[in-house]
Structure formats: C-alpha cells, structure tokens
Amino acid sequence: MKELLSGYHALVCGASRGIGRATAHALATQGASVTLLARDAEKLARLECELPRLGSAQHHSLTADLDRTDTLPAQLDALRHPVHILVNNSGGPPGGPLLEATPEQFRRAFERLLIAAHLLTQAVVPDMRAAGYGRIINVISTSVREPIPGLGVSNTIRAACAGWAKTLARELAPHGVTINNILPGFTATARLASLFSARAADSGQPAAEVETVARAGVPAGRFAQAEEIAAAIAFLAAPTAAYITGVSLPVDGGRLHGI
Ligand code: NAD
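Residues numbered from 1 in each chain as written. Predicted model: local features only at pLDDT ≥ 70, side-chain atom pairs only at ≥ 80, totals over all residues. Heavy atoms only, no water.

## Considerations on the site of the ligand
Taken together, 28 residues sit near the ligand, with S16, L66, R158, T187 and T189 positioned nearest. The separation between an oxygen atom of the ligand and a polar side-chain atom of S16 is 2.7 Å. For the shell around the ligand, the secondary-structure elements that each account for two or more residues are α1 (18-29) and α6 (190-203). A per-element tally of the shell around the ligand places α6 first, with three residues. Within the shell around the ligand, the residues separate by chemical class into ten nonpolar, eleven polar and seven charged. Taken domain by domain, the shell around the ligand gets at least three of its residues from each of domain 1 (9-185 + 226-250) and domain 2 (187-223). (Near = heavy atom within 4 Å. Polar contact = N/O pair within 3.5 Å; in protein donor to acceptor, adjacent residues only side chain to side chain. Helix = DSSP H or I, 4+ residues; strand = E, 2+ residues; numbered from the N terminus. Nonpolar A, V, L, I, M, F, W, Y, C, P; charged D, E, K, R; others polar. Domains from an automatic or database assignment.)

Here you go:
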C-alpha cells in the first residue's frame, strides 16, 4: 500500500526529543523521508537509525543551532533533497515574571523562534513552489490565543510568529504551499517538566502540586503525549490537507476557553 507521505521529504527541526522527535516518527510512519535537525549530532544519528523506513524513504540528519541564525543559511546548503514538508520547532524560552525579562531574552527568543523559521522557510519554499507542494507547520503555543502567566517572553514572540505565518499563508497559497500553526497544550515532555520545576522553585510549592493544578485545568484530565501533537502535524502535512492554510490549531485537551 502506498502511504500518504510516500515520495515526500520532511525537514523536522528540534527533532532530538519531545514533540519534534515524535513528529519525525509520525511522518516516517506515513512513508516520508525525514531530515532530523537539532544540535546534537550523535543523538540525531541514533534517532535516524530508529526511524521507520518505508519503501524508498531515506532519512538524514542536519546538525544546526537555531540560535545561530548567522550561520543557519550556509548550513542549510547541506540539505540533500528538496523539502516538501517543513516543521518549524525548537526549544521554548525560559519562564519568569515578564517585568524582569532582559532584552537579550527577547532577542534570543526572536532569533530562535521567528528568524530561524523565516530563514528555513526562505530556504525551502523555492523547491516547494517548483514541486507545487509545500507544507509548513509551526509548533507554537496556545499562548497565541490566551497568554500563559509566567511565560511572558514566549507569549510575546509566539504572537509575532502567528502574525508572520498568517501573512505568509496568503503569499504561498497560490503555489500549493500551506502554512499552519499547531498550538500544543500541556504536553508531557522535558520542556513541561522543566517549566513545572521552575514554577515550583519560584512559588515554593512542591512540583507535584504545580502539576496537579495544571492538570486540573485541562478538561481532558491529562497532559498530551508528544505523539498526539505529532498526529495533528502529520494530518496537516498530508496531501488531503491541501485546502487548510493560515490556521492555528490547538491540540490542548479542551484547555482554551475561547471559541
Ligand atoms: P523540548 O524542549 O522537549 O524539545 C525541544 C527540541 O528542540 C529538542 O530537540 C531540542 O534539542 C531542540 N532545540 C532547542 N533549542 C534548539 C536550538 N537552538 N537549535 C536547534 N534545536 C534546538 O520541547 P517540546 O516540549 O518538544 O516543545 C517543542 C515546542 O513546543 C517548544 O517551542 C515549546 O515551547 C512548544 N510547546 C510545548 C508545550 C509542552 O507542554 N511541552 C506546550 C506548548 C508549546
């Protein structure tokens, strides 16, 4: 049987763990060739071997630091095949009271989350246009709908990312290229664990209590698994999602209150 993503090549950023790693698996399971991008070459090489390899799919790794947007374009020259699916994903900024955030924290988050996504997009769109097929999926946050207390730098920069993506959606739609945002709710990854520990340290509450309070705010009564976020990304990556562009899709177990 021909899988939905056979013949397509996906570049998955932040692929060494968490949502990025689960996404690489989900896309490979649908038959895609996957290039894994993150900073740790050894880890990527191991993950590359673990990915399912369907049909003629071939997987690769690209070691790059998305904070180094000065060197990123040159590193992208190493991409061996045209990219049809780009997943913009990386580490979220640290939390803390917004009033105490430094200009450097804003600059770093802007570089990593917006400028890097923009450079990656610029690098892959010419081939997507030539192929008449492109799927750009940005992993951002529910904070674009409801800012999250204690994550002020992230709230600020994620909103910029959403504006960037919405503008591009109109520019790219005539070329068969869609761009959408996934807004993960609380997802059981290393990122969530570190946010809860930081919140516990700031508030003096035990980490388990912080976690219980967070879980209580999720109507589904649990945190997401990274694979559940990846499934939504794989859906948007497929040919069947051709008419969906410019949307921000929450995958949050019902946590957002807004319509
Ligand atoms: P994670 O920290 O577990 O994984 C992040 C991945 O990005 C890792 O592979 C890491 O190596 C890579 N990465 C980080 N900085 C990088 C850099 N400078 N260059 C290259 N790679 C880099 O995070 P996660 O939980 O999988 O979340 C992924 C994204 O989704 C983050 O932006 C996060 O803020 C956002 N998000 C997560 C949650 C959650 O509950 N986990 C909720 C909402 C939004």
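Let us keep going from here.
## Focus: the domain arrangement of the chain
Domain assignment breaks the chain into domain 1 (9-185 + 226-250) and domain 2 (187-223). Averaged C-alpha coordinates put domain 1 and domain 2 at centres separated by 25 Å. Of the residues lining the interface, 15 residues belong to domain 1; the matching set on domain 2 comes to seven residues. Looking at the side of domain 1 facing domain 2, the largest losses of area belong to R17, L151 and E228, adding up to 38% of the total buried there. For the pair domain 1 and domain 2, the interface holds one salt bridge. The shortest N-O distance in the salt bridge between R222 and E228 comes to 2.7 Å. Along the contact surface separating domain 1 from domain 2 lie four residue pairs in polar contact (both at pLDDT 80 or more). Of all the elements in the fold, those that place two or more residues in the side of domain 1 that touches domain 2 are α1 and α8 (226-237). The leading source of residues in the side of domain 1 that touches domain 2 is α8, at three residues. Across the side of domain 1 that touches domain 2, the residue classes tally to nine nonpolar, four polar and two charged. (Contact = heavy atoms within 4.5 Å. Buried area = accessible area lost by both parts, 1.4 Å probe. Salt bridge = Lys/Arg side-chain N within 4 Å of Asp/Glu carboxyl O.)

## Thoughts on the nonpolar core
Counting 36 residues, the largest nonpolar core has L11, L37, L72, L86, L120, M128 and I136 as its most contacted members. Ignoring sequence-local partners within four residues, the contact set of L86 consists of L11, C13, L120, T121, V124, M128, R135, I136 and I137. V12, A15, L27 and A32 belong to the second largest nonpolar core, which has 35 residues in total. (Core = buried A, V, L, I, M, F, W, Y, C linked by side-chain atoms within 4.5 Å. Buried < 20%, exposed > 50% of the residue type's maximum accessible area, 1.4 Å probe, protein only.)

## Details of the packing of α1 against α8
Running from N to C, α1 and α8 cross one another at 50°; their axes reach a closest spacing of 8 Å. Judged on the interaxial angle alone, α8 and α1 are oblique. Here the hand of the crossing between α1 and α8 comes out right-handed. Facing α1, whose interface residues are G18, I19, A22, T23, A26 and L27, α8 presents A226, E227, I229, A230, I233, A234 and A237. Looking at the contact of α1 with α8 residue by residue, the classes come out as ten nonpolar, two polar and one charged. (Axes fitted to C-alpha atoms, helices over the stretch in contact; angles between N-to-C directions. Parallel < 35°, antiparallel > 145°, perpendicular 65-115°, else oblique. Left-handed = near helix turned anticlockwise from the far one by under 90°.)

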